[in-house]
Amino acid sequence: MKILHLADTHIGKKVNGYSMVEDQKYILEKVYEIIEAEKVDRVVVAGDVYDKSIPVVEAVEALNDFLKKLSDMGVKTYIISGNHDSSARLEFGSDLMKNSGIYIAKKFNGKIEVVHDKDEYGDIDFYLLPFIKPVDVKHYYGESYEPEAFNSYDSAMKVVMENTSVDESKRNIILSHQFVVGADVSGSEDSPVMVGGVDQIGKDNYEKFDYVALGHIHRSQKIQENIRYSGTLLKYSFGEANQTKEVLIVDMKEKGNIEYKTIPLVPLHDMKEVTGIYDKLTLNEFYMSDDKGFDREDYLKIVLEDESDIPGALNVLRSIYTNLMELGYKRNNGVSINITDGAIKAEQKSPLELVCEFFKKQYNKDLNQDQIKYINEIVEKWED
């Protein structure tokens, strides 16, 4: 069985005020081509399907088209919610969608949802575990364990796994959206800030499973051979500018025999960081040339090396480079100054990040762990 592992599609996302929906639709078309060319049997999406718990209309339409296309192609699809999703909203219509081969995990109810599947090698069980927090687990198991069992994401996950029966004679795959110890973050993850790594979980939680399809971290990587993050389909920050985005195909043969293949993706617009002096970047011979290393319609961060500020530089550069997202200066003394509209920057930050920044400015100190936990609870109630 060939399985295409996707995650963190973040449909509906905006980057520096630019909607990525058209780019997302474009890259999903490339995914369909890969599915057909590689004869993929199943697709798994390991959370953060949407970018917001209440997605914009364009995002809902894009997901609808995505699921319909996969169903029309006869490809069974397994989906879980991530920390950016509202599991209750994402699961709407899930019972009906099963008839079309689309399996969307419901909100966590204390047990991991299991879907039984099979291929020419025998049975495969898909375990669908949405993003969970310790408070979610405590709600169902609080009376059976000591309070410290819910002090961290790792200890809470251990409670879940202790109460999950896995037939290890079969091939078992779990979809999970968590921060696993050892993962290398890419710079565009904007999940709530945690203190002391308490949001991390150990890879030992997944030892019963033949393959672990992870979501949450945007850089594709393997924690160990059978525990992998697929990463995002697109770059969502300039911290990812030098990355190559790709899709991961997991070929499940008989138990103990798994092969992996990655296929690079070429986006509609790449994301690039460009450094130079204003006069060069606005020179017709430069920006019209084919060997400058980027396309004029790429999503750009331009860092000017001019010693003095250039009046009106942002507007002039945007008339040449239509998708200029960020503009800043880098002085000879090494100091970098970003002059991009602060309102656009604020739009990209989570409510917690904005509160943390406001608190620091007001009181000249950081929020403590209890305060962060309290604000997270308020935000979660508001988003639900």
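Refer to the structure above for everything that follows.
What counts, and at which threshold
- Residues numbered from 1 in each chain as written.
- Predicted model: local features only at pLDDT ≥ 70, side-chain atom pairs only at ≥ 80, totals over all residues.
- Heavy atoms only, no water.
- Salt bridge = Lys/Arg side-chain N within 4 Å of Asp/Glu carboxyl O.
- Helix = DSSP H or I, 4+ residues; strand = E, 2+ residues; numbered from the N terminus.
- Phe/Tyr/Trp six-rings, centres within 6.5 Å; stacked < 30°, edge-to-face > 60°.
- Lys NZ or Arg CZ within 6 Å of the ring centre and 35° of its normal.
- Core = buried A, V, L, I, M, F, W, Y, C linked by side-chain atoms within 4.5 Å.
- Buried < 20%, exposed > 50% of the residue type's maximum accessible area, 1.4 Å probe, protein only.
- Contact = heavy atoms within 4.5 Å.
- Polar contact = N/O pair within 3.5 Å; in protein donor to acceptor, adjacent residues only side chain to side chain.

A. Spatial organisation of the pattern of salt bridges. Overall, the coordinates contain 24 salt bridges when judged by the stated rule. The salt bridge involving D184 is made with R219; its shortest N-O contact spans 3.3 Å. Within this pair, whereas D184 is found in the loop between β10 (179-180) and β11 (200-201), its partner R219 is found in the loop between β12 (211-215) and β13 (221-224), the two being separated by 35 residues in sequence. With a closest N to O distance of 4.0 Å, K301 and E326 form a salt bridge. Of this pair, K301 sits in strand β18 (residues 299-304) while E326 sits in strand β19 (residues 324-330), and the two are 25 residues apart along the sequence. Salt bridges here are not isolated pairs; linked through shared partners, they connect K2, E38 and K261.

B. Summary view of the packing of aromatic side chains. Scanning the entire structure with this criterion turns up 13 aromatic pairs. Ring geometry for Y211 versus Y260: centroids 6.0 Å apart, planes at 45 degrees, classification tilted. Placement of the pair is Y211 in strand β12 and Y260 in strand β16 (residues 258-264), with a sequence separation of 49 residues. Ring-pair connections join several aromatic residues into one group, and the members of that group are F286, Y287, F294 and Y321. Stacked on the ring of Y236, the Lys or Arg K13 has its end atom at 5.6 Å from the ring centre.

C. Geometry of the environment of K330. With respect to the secondary-structure elements, K330 resides in strand β19. In sequence terms K330 and G276 are 54 residues apart; their C-alpha atoms lie 9.4 Å from each other.

D. Broad picture of the nonpolar core. In terms of nonpolar packing, the biggest core is built from 39 residues, with L4, L6, V43, F66 and V247 touching the most fellow members. Where this core is concerned, the elements lending two or more residues are β1 (2-6), α1 (21-38), β4 (42-46), α2 (57-72), β6 (102-104) and β15 (246-252). Residues within four places of L6 in sequence aside, it is in contact with V31, V43, V44, V45, A46, F66, S230, L233 and V247.

E. Molecular detail of the environment of M288. Tracing the backbone through its elements, the reader meets M288 in the loop between α8 (284-287) and β18. Separated by 32 residues in the primary sequence, M288 and I320 place their C-alpha atoms 9.7 Å from one another.

F. Layout of the side chain of Q24. Structurally, Q24 is set in helix α1. Residue Q24 is classed as buried on the basis of its relative accessible area, which comes to 4%. In this structure the side chain of Q24 is engaged in a polar contact, spanning 3.3 Å, whose partner is the backbone oxygen of T9.

G. Here's a closer look at unusual backbone geometry. Unlike most non-glycine residues, H10 shows phi in positive territory, near 50 degrees. With respect to the helices and strands, H10 occurs in the loop between β1 and β2 (14-15).

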